[in-house]
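Inside the fold
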Amino acid sequence: MLPDTDILLNLYRRMVRIRVFEEKVQELHRLGKLPGFVHVYVGEEAVAVGACSMLRDTDHITSTHRGHGHCIAKGADVAPMMAELFGRADGYCRGKGGSMHIIDTSLGILGANGIVGGGIPMATGSGLADAVLGRDGVTVCFFGDGAANQGVLLESLNLAAIWQLPVVYLCESNQYMEFTPTTDLTAGRIYRRGEPFGVASMEVDGNDVLEVRRVVGEAVDRARRGEGPTLIEAITYRFSGHSEGESAFVSAYRTEEEVESWKARDPVTCFRDLLQTEAGITAAELDSIDAEEQEAIRKAVEFAEASPHPSPDEALDHVFAPAGG
Ligand SMILES: Cc1ncc(C[n+]2csc(CCOP(=O)(O)OP(=O)(O)O)c2C)c(N)n1
Ligand SMILES: [Mg+2]
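The structure contained in this document is the topic of the report that follows.

Parameters at a glance
- Residues numbered from 1 in each chain as written.
- Chains lettered and ligands numbered in written order.
- Predicted model: local features only at pLDDT ≥ 70, side-chain atom pairs only at ≥ 80, totals over all residues.
- Near = placed C-beta within 6 Å.
- Nonpolar A, V, L, I, M, F, W, Y, C, P; charged D, E, K, R; others polar.
- Helix = DSSP H or I, 4+ residues; strand = E, 2+ residues; numbered from the N terminus.
- Expected span 1.5 Å × (residues − 1).
- Buried ≥ 20, exposed ≤ 12 C-beta atoms within 10 Å, placed from the backbone.
- Pairing = 2+ DSSP bridges.
- Right-handed = clockwise from strand over helix to strand, strands pointing away.

**What about the site of ligand 1?**
Ligand 1 sits among 16 residues. The nearest are Val 116, Gly 144, Gly 146, Ala 147 and Met 177. A breakdown of the residues in the shell around ligand 1 according to their chemical character gives five nonpolar, seven polar and four charged.

**With respect to helix H1 (residues 5-30)**
Taking 1.5 Å of rise per residue, the 26 residues of H1 would be expected to cover 38 Å, and the 38 Å separating its terminal C-alpha atoms lies within 8% of that figure. Positive phi appears at Gly 32, one or two residues downstream of H1, with a value of about 75 degrees.

**Points about the pairing of strand S7 (residues 230-235)**
S7 sits mainly inside the fold: five of its six residues count as buried. Sheet analysis places strand S3 (residues 167-173) next to S7, joined by six bridges and oriented parallel. Across the sheet, the residue bridging to Leu 170 is Ile 232, located in S7. Note that strand S6 (residues 200-205) and S7 share six bridges and pair parallel. Looking across to S7, one finds that Ala 200 is bridged to Thr 230. This β-α-β element, S6 to helix H7 (residues 209-224) to S7, shows right-handed connectivity.

If you want it as structure tokens, here you go:
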């Protein structure tokens, strides 16, 4: 049975918000307006949106270098996000973090992370904090199929299993680690790495937002009941490059046929089709959501461009590197 219409529309809205945000980011990056590396989430929206739709505001997530979608799905405001990408003072980190360091602890977003696999031990610690403090919170740990080959995943699964921590380890298997196909460097199936530790382990179609929601929902319920961690591998694909502008320094490493075959299963358009054919929602209703999200992102860019650059006097404030260190 389908969830209620308001839930369905909210899932659609969040996925569209991510898609529109990311496409605007790609355009701004091409125009040279965004400093630093930017990794977009286009094609993977169903994973973050399906997963975060099962979380409370007080629950936590950890994220990755490809983190915009995670933050938007957990409720981050696109205006300070955009300002952060522009490196401006009104950004989430006062313009000093950029794309890979967006954080909002008031929403349980423990931060994007430039260290591949860096979020995995953080999520384990977050789960331990909930357990020790007797809270009923759950942490969802997003990480990539490349990050799955960091040893810290096994250390974390071990501790999470021993201590029965309320953590959902959610691997985004988008088939690539930078420019290398994941299968070239990965033995066995990633989701099965939970099995030796007795961790509930499964895969899910990461392009199907309702399936992600269902499977993550079961894992979240288990965690909240004190029945420990889950490892889920969401099978998905990134439509764009590893990072924006990569074609300037790397030759093609994917065939057009491969990219097109995944685009035929675009998570946003597939869900839009389902809403019309199975939930009786009209194209006009969906178009108006699209238009509202376009407008919200237009305003976010306006907000970012109007925000000042951080003052040079504050260069050493709010950062961990000591002055004169
Ligand atoms: C510890 C560490 N090693 C290497 C890198 C360089 N690097 C950045 S992204 C990336 C690939 C990550 O692949 P995956 O985890 O599958 O995430 P995806 O980009 O596919 O979302 C690498 C190797 C890094 N940032 N941190
Ligand atoms: Mg990957």
